[in-house]
Amino acid sequence: MESSKTRPRPFEIHMVTAADSPAFSLLHWALHRSPVVGLDAEWKPSRKNHHQYGVSDGGGGAATSAPGRTPSFPTVSLLQIACRVRREPSDPAVGESPVFLVDLLSVPLPALYELLREMFVAPSVLKLGFKFKQDLVYLSSTFSSQGCHPGFDRVEPFLDITSIHHHLKNQNVGKKVPKETKSLAAICLEVLNILLSKELQCSDWACRPLSEDQMLYAASDAYYLLEIFAVFQQKFITADKPLSSLTELNVSSATVGLKEILTESNICDNVLRIKFCKASDMVKSSALSAHIPLNIFISTIVRKFGEKIVLKESDKVPRSSRRKAKRQSSLNANNKGQFDSIGDWQGPPPWDLSLGGDGCPKFLCDVMVEGLAKYLRCVGIDAAIPSSKKPEPRQLLDQAYKEERVLLTRDVKLLKHQYLMRNQVYRVKNLLKNDQLREVIETFQLKITEEQLMSRCTKCNGSFIQKPLTTEEAIAASRGFQVIPDCLFDRNLEFWQCMDCHQLYWEGTQYQNAVQKFIPVCNLND
């Protein structure tokens, strides 16, 4: 498995920050030379975005706008456009898969509007996205607010990556795509064997300048849409089928995934020889061997699987009441910078012996730092997550108070409630989980020993049993509950069980890798 952070970057990143910049001209050129583009957008995260600004995929469902109220969708800060360029000898010196990060906070939106509007409906450009309807609603609202009326209301031809994943796994073309779909990271891992990090998904995309990690994250989300499509496109390329039979391809011959493609005996030798190349190289290699232009394959795919996104007027109205949205906007404006210093730790924590505590650190990680909870558990620290899926601030504070925990958050809005609980709310400043873990260890002066590493259940935060299970006990405990490869039972490994959720753990390769990962973070090398 490769990580999108560690593997060589297969794309160029072009940051577009001005309408008169070379990058903007290059974007204009690339959009007119690309038969396929991948689209994604980023905006400043909000705890309530998912339910406050929900988009209905069916008929209606959104509330109507109250008279005199302004829609309050999030403002899109960044638009990512990954292009699959068809190059010619006289073209500019640019790679075949440039990714453009268009800074919508600095580029005048009227300068972009017609270019994007034309691309969204161009019949010669296939647009790819992952659940892009919500992105389109937010984009339309953002552009409309800057005088670009009527915004955007249509994208076609379009293919959703969730549909592509569904067709890769199912031979029945007519079978309906299920509503519950996998995440983009899960699809990337399954189709491309690429581990797509989502650590920065909830970072502040309105803050400038963007960090290099943010730029790489944003570009990767758009680029790998092209790569997943390339695997899907490979289904339509075989060395022994003539061009005349292309439009009559049987679906049953076009349902293999990437792994199966690489091992099928009827795939041409040049594809097998580049087994470890990216999917786009496979498509290009096979197409050249068959002397068939790539756009013919794309046209066939559009005819068979093409979709479109059409926004209704009801889609362009936020579901929440305008009063709540206006109050939230006012709160953000008034409190901008107000909490920069609030949330710094003053101490002592509730577990301090001087306060009658037991001396054992305990934390509660809210949804914005939920990944930190798992890292804290990995180093043996008691780290809980909210007891409900969408807790209100008072519920979080109540849970922290009752369980004598310090609430960890990146949500500055929570800090206005901290007067209710002295020294039980801390604002985490770092974005990445490794850095967050180091910050918490240093701030609270936690003493981590090597014996504590991997000593808690990462699934539920429970404690392990005092003694390891015997092989016979592990086999009995796993039966009907957890799948463990039989070969592990022959390796004389120690098995440990969580006392709360009964999950089984053993000291295998993943355990050793995790220990080595956390030793430097916890300063155990000193």
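Residues numbered from 1 in each chain as written. Predicted model: local features only at pLDDT ≥ 70, side-chain atom pairs only at ≥ 80, totals over all residues. Heavy atoms only, no water.

Tracing the backbone shows L397 in helix α14 (residues 393-402). Once the C-alpha coordinates of L397 and P386 are considered, the two residues, 11 residues apart in sequence, prove to be 10.0 Å apart. (Helix = DSSP H or I, 4+ residues; strand = E, 2+ residues; numbered from the N terminus.)

Glancing now at the packing of aromatic side chains. Under the counting rule described, the total for this entry stands at 19 aromatic pairs. With centroids separated by 6.0 Å and ring planes inclined at 45 degrees, the aromatic side chains of W351 and F444 adopt a geometry described as tilted. Pair noted here: W351 is in the loop between α12 (322-334) and β10 (362-365) and F444 is in the loop between α16 (433-443) and α17 (471-478), with a separation of 93 residues, a long-range link. Joined through ring pairs, the aromatic side chains of Y113, F120, F132, F143, F152 and F158 make up one cluster. (Phe/Tyr/Trp six-rings, centres within 6.5 Å; stacked < 30°, edge-to-face > 60°.)

In this section: the sheet that holds strand β9 (residues 307-310). Pairing is mixed across the open sheet formed by 7 strands, whose spatial order is β2-β5-β4-β3-β6-β7-β9. Each edge of the open sheet is held by one strand with a lone partner, namely β2 (12-16) and β9. Strand-to-strand twist in this sheet, taken as the mean axis angle between neighbours without regard to direction, amounts to 35 degrees. Sheet topology places strand β7 (residues 154-160) next to β9; 3 bridges connect them, and they run antiparallel. Note that in β9 the partner of F158 across the bridge is E307. (Pairing = 2+ DSSP bridges. Axes fitted to C-alpha atoms, helices over the stretch in contact; angles between N-to-C directions.)

So, on to the sheet that holds strand β12 (residues 406-409). Whether parallel or antiparallel, the strands of a sheet pair through hydrogen bonds between backbone atoms. Reading across from one edge, β11-β10-β12-β13 is the order of the 4 strands in this open sheet, with parallel pairing throughout. The two strands at the open ends of the sheet, each matched to only one other strand, are β11 (382-384) and β13 (425-427). Ignoring strand direction, the axes of neighbouring strands in this sheet form an average angle of 30 degrees. Bridge count between β10 and β12: 3 bridges; the pairing is parallel. The residue of β12 that forms the bridge with F363 is V406.

This part is about the nonpolar core. Considering soluble globular proteins, one finds that nonpolar side chains tend to be buried as a cluster. One finds I81, L104, L112, L116, F120, L139 and F143 to be the most contacted residues of the largest nonpolar core, which totals 44 residues. Mapped onto this core, the elements with two or more residues apiece are α1 (22-31), β3 (36-43), β4 (76-84), β5 (98-103), α3 (109-121), α4 (132-144) and β7. The contact partners of L112, leaving out residues within four places of it in the chain, are F24, L27, V102, L104, V107 and F143. Core analysis: the next-biggest nonpolar cluster, separate from the first, contains 40 residues, F11, L126, W205 and F305 among them. (Core = buried A, V, L, I, M, F, W, Y, C linked by side-chain atoms within 4.5 Å. Buried < 20%, exposed > 50% of the residue type's maximum accessible area, 1.4 Å probe, protein only. Contact = heavy atoms within 4.5 Å.)

Below, the discussion takes up unusual backbone geometry. Here the residue pair E156 and P157 is connected by a cis peptide bond, since its omega of -10 degrees sits within 30 degrees of zero. Within the secondary structure, P157 sits in strand β7. Between R208 and the following residue, P209, the backbone shows a cis peptide bond with an omega angle of 0 degrees. Along the chain, the position of P209 falls in the loop between β8 (194-195) and α7 (212-234). Even without being glycine, Q445 reaches a positive phi, approximately 50 degrees.

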